[in-house]
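Survey of secondary and tertiary structure
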Amino acid sequence: MTGELSILDLFLQASLLVKIVMLILLGLSVTSWAMIFKRSKILAVARIDAERFEDKFWSGMDLSQLFNEVKVRKDRISGTEKIFYSGFNEFARLSRVSSSSEAVMDGTSRAMRVTVSREVDGLETNLPFLATVGSITPYIGLFGTVWGIMHAFIALGAVKQATLAMVAPGIAEALVATAMGLFAAIPAVIAYNRLSVKVGKLEHNYAAFMDEFSSILHRQAMASQEK
């Protein structure tokens, strides 16, 4: 054994169970990185789309005209646009069948709350997986390390005279599992916290838009009732 063994060499010389643990950790790490990049892109697009739509919403454009524009592509909308579409659609439907502004606004608010909840659920996709990876991979790696060290000491028990040169390689092979566990866990935890903050900001933005839009619709409902 030389002092310059690569991680690949340590992997190849490890016991079968430790190899399986390392492969599991590698798979979890690769999967979590793929989810991190995908979710980061989705959240960035959601933030840009929300800002773009709110700029159009607050530009003074007629709400009926804006609704007709959104309705054309209703199957492809998300975020703030979907909240606007569900709210205005329910408001228009209830206004035709009810003369009570409170009943109209209750139904409208309920429709928008359901949409907000669904949109936030969609944004949070994959985040539980990242949290799970961040919490369990260190223990999986530790399990591989403990097993590898046990395997090394059992092998040492078969020889009459043990030296450091005989013990060190086996321990090094086992410790790679812990290192891989941390390598998988640390990015997952950081990404989970970072993405959760972004989801929280978008959720707050959706809730604020819903409240502001509800106020506008309530004024319209009251004006229609007074006529």
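As the structure is a computational prediction, the values presented were derived from the model and not from experiment. (Residues numbered from 1 in each chain as written. Predicted model: local features only at pLDDT ≥ 70, side-chain atom pairs only at ≥ 80, totals over all residues. Heavy atoms only, no water.)

1. A short note on the overall build of the chain
- Of regular secondary structure, the chain possesses seven helices and zero strands.
- Counted from the first residue to the last, the chain has its helices and strands arranged as α-α-α-α-α-α-α.
- The long-range fraction of contacts in the chain, counting pairs at least 24 apart against all pairs at least 6 apart in sequence, stands at 79%.
- Total accessible area computed for the chain in this model is approximately 13300 Å², and 62% of it derives from carbon and sulfur atoms. (Helix = DSSP H or I, 4+ residues; strand = E, 2+ residues; numbered from the N terminus. Contact = heavy atoms within 4.5 Å. Areas by Shrake-Rupley, 256 points an atom, 1.4 Å probe, with all protein chains shown as cover.)

2. Side note on a nonpolar patch on the surface
- A cluster of nonpolar side chains, Y139, L142, F143, V146, W147, M150 and I154, forms an exposed patch at the surface whose accessible area comes to about 750 Å².
- On the secondary structure map, M150 appears in helix α6 (residues 127–156). (Patch = residues over 30% accessible without salt bridge, like charges linked within 9 Å, V, L, I, M, F, W, Y side chains within 5 Å. Salt bridge = Lys/Arg side-chain N within 4 Å of Asp/Glu carboxyl O.)

3. Thoughts on unusual backbone geometry
- Of note in this structure, N126 is not a glycine but carries a positive phi near 80 degrees.
- Within the secondary structure, N126 sits in the loop between α5 (101–123) and α6.

4. A few points about the nonpolar core
- Among the nonpolar cores identified, the biggest contains 36 residues, and F57, F84, Y206 and F213 are the most heavily contacted of them.
- Mapped by element, the contributors of at least two residues to this core are α2 (16–57), α3 (63–72), α4 (80–97), α5, α6 and α7 (164–226).
- In terms of residue count, α7 provides more of this core than any other element does, eleven residues in total.
- Those residues within four positions of F213 in sequence are excluded, and the remaining contacts are F57, L63, F84, G87, F88 and M112. (Core = buried A, V, L, I, M, F, W, Y, C linked by side-chain atoms within 4.5 Å. Buried < 20%, exposed > 50% of the residue type's maximum accessible area, 1.4 Å probe, protein only.)

5. Observations regarding the side chain of E119
- In this fold, E119 is placed in helix α5.
- With no salt bridge to any partner, buried E119 finds its closest opposite charge in K82, at an N-O distance of 4.1 Å.
- When residues no more than four places from it in sequence are discounted, the contact partners of E119 are S78, G79, K82 and Y206. (Lys, Arg positive; Asp, Glu negative; His and termini not counted.)

6. Re the packing of α2 against α4
- Interhelical geometry of α2 versus α4 gives an angle of 45 degrees and a closest axis separation of 8 Å. Regarding the angle of α2 to α4, the classification is oblique. Contacts from A50, F53, E54 and F57 of α2 reach α4 at T80, E81 and F84. (Axes fitted to C-alpha atoms, helices over the stretch in contact; angles between N-to-C directions. Parallel < 35°, antiparallel > 145°, perpendicular 65-115°, else oblique.)

7. So, the side chain of E81
- Checked against the element boundaries, E81 lands in helix α4.
- In contact with E81, not counting residues within four places along its chain, are F53, V70 and R73.

8. Points about the UniProt feature "transmembrane region" (unreviewed entry) in the chain
- What UniProt calls "transmembrane region" (unreviewed entry) maps, in this numbering, to residues 16–37, 139–159 and 171–192.
- With 100% helix and 0% strand, residues 16–37 has end C-alpha atoms that lie 32 Å from one another.
- Annotation note: span residues 171–192, helix share 100%, strand share 0%, distance between end C-alpha atoms 32 Å. (UniProt positions renumbered as here; feature names shortened; annotations may be inferred.)

9. Quick notes on the pattern of salt bridges
- For the structure shown, the criterion picks out five salt bridges.
- Among the salt bridges present, the one from R73 reaches E81, with a minimum N-O distance of 2.7 Å.
- For R73, a relative accessible area of 26% puts it in the partly exposed group.

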